[in-house]
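Given next are the chains, with one letter for each unit.
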Amino acid sequence: MADRDNSLAPSGSATRTVPTTIDVVVIGAGFAGLYAHHKFREIGLSAFGFEAAPEVGGTWFWNRYPGARCDVESLDYSYSFSQELLDEWRWSERFATQPEILSYANHVADRFDLRREIAFDTRVIAATFDEAANRWVVRTDRGDEIRSRYLVTAVGSLSLPKAPEIAGLEDFQGRWVQTGAWPREPVDVAGKRVAVIGTGSSGIQSIPILAEQAAHLTVFQRTPNYSVPAHNGPVDPDYEAEVRADYAEHHRQNRRSKGGVPSRIATGLSAMAVSEEERRAGFEKAWQFGTFSLQGVFNDTTTNLESNAAAAAFVHDKIRAVVKDPAIAEKLIPRSYPFGTKRLCLDTNFYATFNRDDVELVDIRQTPIERITKGGIKTSEREYPFDLIVFATGFDAVTGPLLALNLKGVGGRTLRDVWKDGPQSYLGLLISGFPNLFTVNGPSSPSVLTNMLQSIEHHIDWIVECIGHMEKDGLARVEADEAAQVAWAYEVAKIADSTLFTKADSWYMGANVPGKPRVFMAYIGGFDRYVDRCEAIVQDGYTGLRFTPSGGTTSRQDRAVPAGAR
Ligand code: NA7
């Protein structure tokens, strides 16, 4: 991993006692890991966790770049499992900042006493399944070795930053940082000549703030992104009161929605089924409302090219209206992929930032970066001097953090080998050939297309229920049936192919990482449908899963029908 902040002092060392055996190892102490510890305690299983960072928070620990905030509204980006927690926590803004979300994670850890079974500053470097004993043998970078009956990965989907891919970085005499591994101590930006490489969500959130602080900011853009104004502000007290009046129902509706948050302004109509005025009015309403509603105000924006083109044209006009210099506006307008098929961004003043005299936009498709030099960045056109380079170049998403664990399953096969042509997983929760391994928000689950707090709670609940079932029935081993996994992969790919998402070179497709297999890595059939499917699988006696009883050596398949075939 490149440039993780090495100034972090190990915090867990003084009291750190790692057991040698345990029921469950949980990797990661972000929102998924924390909730997993809470749930395993609830069902009376012993769990121990490892976390590479010195404290809880996961994504919200590492992504502390200026302007980092959640794109899901705070009232939705909250755990729902504890009414007391819901009642006592108050968010200050409609879209919470990284520091506030990190405080929330710490509050949860304190309130439920979740830190005592987690070793911080400790990275899992390998985990091997011992077939004879049905145990995972987990090793860390601090020399720990622990054996567990179950292994739960709660490692996040966007947690492995891509290493800077530009030649010459070792020559650079200024400072460089990554948005996804932003240092804990303040980074001095004031009065500096700053470069930002990358205009995904992290670039789009940080550029307006960096522009305010820096002496001069140069943005190196490879592909323009679609961004809509967040319209952030204090939490609306009337809306908050409405949500708090029946939180349980609010969360039930979240779970019944396509993305873990229902749209509050969806028309339910095709953009092509209404008049041009109505279409424009719908888009305008969504633009003024914020959130991802521009994608959902009409129901076919991401499936119908004509509707999509209408949404794209709407945003193009907005960019032209905000950005004063027409040449810069044209550079900022995305044209090479359908609207919303690269992750839509929410911003505060992103496009307007390019009206500043001290901000410059370099289109590196026109003038490619040749290398980083001692003093800055050299493109095919000229050399730019910098004091600070910010890499907002994204992540090896979804599969990267799992592959980094060096998992070895049945027959000594590595996950890297099994996934060399793309990830295979049953529901994004289990992987054939890797018994007793559960992946939270794994590939082919709705994960990154949802409100992550919703999918995290759902996944952990499902995993804990499955493990509870094994404990109750004396089952020692579970794994995904290969045929069920193939059927699920087929279904996931089929749904993705029915949308426009597969047309973009996005990180959803693995296209941002050189050499990564091109596979749409999430289930896009809707969170509601996914939840129903997971429930039906349980009701039907865990179709698609193979269990082995304790003491038994023969596997039995619970049901013949692969779940994906229904
Ligand atoms: P993203 O969305 O992957 O954005 C990364 C940006 O960096 C994007 O504009 C890339 O251009 C650009 N990039 C990546 N590699 C390079 C190289 N080698 N040279 C130049 N430019 C490059 O990452 P973010 O961190 O912004 O956001 C990730 C997710 O976190 C976001 O979607 C939310 O879900 C939260 P490209 O488009 O690949 O041409």
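Residues numbered from 1 in each chain as written. Predicted model: local features only at pLDDT ≥ 70, side-chain atom pairs only at ≥ 80, totals over all residues. Heavy atoms only, no water.

A. Layout of helix α7 (residues 247-255). Among the residues of α7, Tyr247, His250, His251 and Asn254 are the ones counted as buried. Projection of α7 onto a plane perpendicular to its axis shows the buried side chains occupying an angular sector of 95°, all on one side. Those residues of α7 that are buried lie in contact with α3 (83-88), α6 (237-245), α15 (452-473) and α17 (527-539). (Buried < 20%, exposed > 50% of the residue type's maximum accessible area, 1.4 Å probe, protein only. Helix = DSSP H or I, 4+ residues; strand = E, 2+ residues; numbered from the N terminus. Arc of directions from axis to C-beta. Contact = heavy atoms within 4.5 Å.)

B. Quick peek at unusual backbone geometry. Phi angles above zero are rare outside glycine, and valine 398 is one such case at about 65°. Tracing the sequence through the fold places valine 398 in the loop between β16 (388-391) and α13 (400-403). Assessed through its relative accessible area of 2%, valine 398 is described here as buried. Despite not being glycine, tyrosine 542 has its phi angle at roughly 60°, a positive value. Take tyrosine 542: it is sitting in the loop between α17 and β20 (545-549).

C. Quick look at the packing of aromatic side chains. If you walk through the whole model with that rule in mind, you get 35 aromatic pairs. With a centroid separation of 5.4 Å and an interplanar angle of 70°, the aromatic rings of phenylalanine 48 and phenylalanine 50 are classed as edge-to-face. No difference in accessibility class separates phenylalanine 48 from phenylalanine 50, as the two residues are buried. Taken together, the aromatic side chains of Phe31, Tyr35, Trp60, Tyr77, Tyr79, Phe81, Trp89, Trp91, Tyr104 and Phe112 make up a single cluster linked through ring pairs. Over the ring of tyrosine 239 we find arginine 264, and its NZ or CZ is 3.7 Å from the ring centre. (Phe/Tyr/Trp six-rings, centres within 6.5 Å; stacked < 30°, edge-to-face > 60°. Lys NZ or Arg CZ within 6 Å of the ring centre and 35° of its normal.)

D. Just the site of the ligand, in detail. For the ligand, the set of nearby residues contains 20 residues, the closest of which are Lys162, Glu165, Ser202, Thr223 and Lys342. In this structure, a nitrogen atom belonging to the ligand sits 2.7 Å away from a side-chain N or O atom of glutamate 165. One of the side-chain nitrogen or oxygen atoms of lysine 342 is found 2.8 Å away from an oxygen atom of the ligand. When isolated, the ligand has an accessible area of 780 Å², and the protein chains bury 88% of it. (Near = heavy atom within 4 Å. Polar contact = N/O pair within 3.5 Å; in protein donor to acceptor, adjacent residues only side chain to side chain. Areas by Shrake-Rupley, 256 points an atom, 1.4 Å probe, with all protein chains shown as cover.)

E. Spotlight on the pairing of strand β13 (residues 369-372). Direction of pairing for β13 relative to strand β14 (residues 376-379): antiparallel, over a ladder of three bridges. Directly across from arginine 371, in β14, lies its bridge partner lysine 378. (Pairing = 2+ DSSP bridges.)

F. Main features of the domain arrangement of the protein chain. Each assigned domain of the protein chain is listed with its residue range as follows: domain 1 (21-160 + 397-469 + 523-536) and domain 2 (169-391). Each of domain 1 and domain 2 has a C-alpha centre, and the two are 27 Å apart. Each partner contributes residues to the interface: domain 1 has 42 residues there, and domain 2 has 39 residues. Of the roughly 3500 Å² buried at the junction of domain 1 and domain 2 (both faces included), carbon and sulfur atoms supply 48%. At the junction of domain 1 and domain 2, the tally comes to seven salt bridges. The partner of glutamate 55 in a salt bridge is arginine 184, and the shortest N-O contact between them spans 2.5 Å. One can count 25 residue pairs in polar contact (both at pLDDT 80 or more) joining domain 1 with domain 2. Listing elements by their share of the side of domain 1 that touches domain 2, those giving two or more residues are α2 (59-62), α3, α15 and α17. For the side of domain 1 that touches domain 2, the class distribution of residues is 16 nonpolar, twelve polar and 14 charged. (Domains from an automatic or database assignment. Buried area = accessible area lost by both parts, 1.4 Å probe. Salt bridge = Lys/Arg side-chain N within 4 Å of Asp/Glu carboxyl O. Nonpolar A, V, L, I, M, F, W, Y, C, P; charged D, E, K, R; others polar.)

G. Region of the structure containing the sheet that holds strand β9 (residues 216-221). On the basis of which strands lie adjacent, the open sheet formed by five strands has the order β7-β16-β8-β9-β12 and parallel pairing. The sheet is open, and its two borders are formed by β7 (175-178) and β12 (359-363), each paired with just one other strand. With strand direction ignored, the average angle separating the axes of adjacent strands in the sheet is 20°. (Axes fitted to C-alpha atoms, helices over the stretch in contact; angles between N-to-C directions.)

H. Geometry of the packing of helix α1 (residues 31-42) against α15. At a closest axis distance of 10 Å, the pairing of α1 and α15 adopts a crossing angle of 35°. Relative to α15, the crossing made by α1 is right-handed. Of the residues in α15, those in contact with Phe31, Ala32, Tyr35, Ala36, Lys39 and Phe40 of α1 are Leu453, Ile456, Glu457, Ile460, Asp461, Ile463, Val464 and Ile467. Its residues assigned to classes, the contact of α1 with α15 comprises eleven nonpolar, no polar and three charged. (Left-handed = near helix turned anticlockwise from the far one by under 90°.)

I. Main features of the nonpolar core. Formed by 69 residues in total, the largest nonpolar core has its most connected members in Phe31, Phe40 and Trp462. Here this core spans two domains, since at least three of its residues come from each of domain 1 (21-160 + 397-469 + 523-536) and domain 2 (169-391). Those residues in contact with tryptophan 462 that sit more than four places away from it in its chain are Leu427, Leu429, Leu430, Cys534, Ile537, Val538, Tyr542 and Leu545. In terms of nonpolar packing, the next biggest core, distinct from the first, is built from 52 residues, Val196, Ile207, Ala211 and Ala271 among them. (Core = buried A, V, L, I, M, F, W, Y, C linked by side-chain atoms within 4.5 Å.)

J. Region of the structure containing the side chain of glutamine 295. Residue position: glutamine 295 is located in helix α9 (residues 293-296). Take glutamine 295: its relative accessible area is 18%, and that puts it in the buried class. At 3.0 Å, the side chain of glutamine 295 forms a polar contact with the backbone oxygen of glycine 340. Residue contacts for glutamine 295: discarding those within four places in its chain leaves Thr301, Thr302, Phe339, Gly340, Leu344 and Phe501.

K. Expanded view of the pattern of salt bridges. A complete count under the given rule lists 42 salt bridges for this structure. A salt bridge links lysine 39 to aspartate 461; its shortest N-O distance comes to 3.8 Å. Of the two residues, lysine 39 is situated in helix α1 and aspartate 461 in helix α15; the sequence distance between them amounts to 422 residues. On the basis of relative accessibility, which here comes to 16%, the residue lysine 39 falls in the buried class.

L. Structural context of the pairing of β16. Residues Leu388 and Val390 point to one face of β16 and Ile389 and Phe391 to the other, with burial holding for every one of them. Taken together, the four bridges between β7 and β16 define a ladder with parallel strand orientation. By the bridge assignment, valine 177 is partnered in β16 with valine 390.

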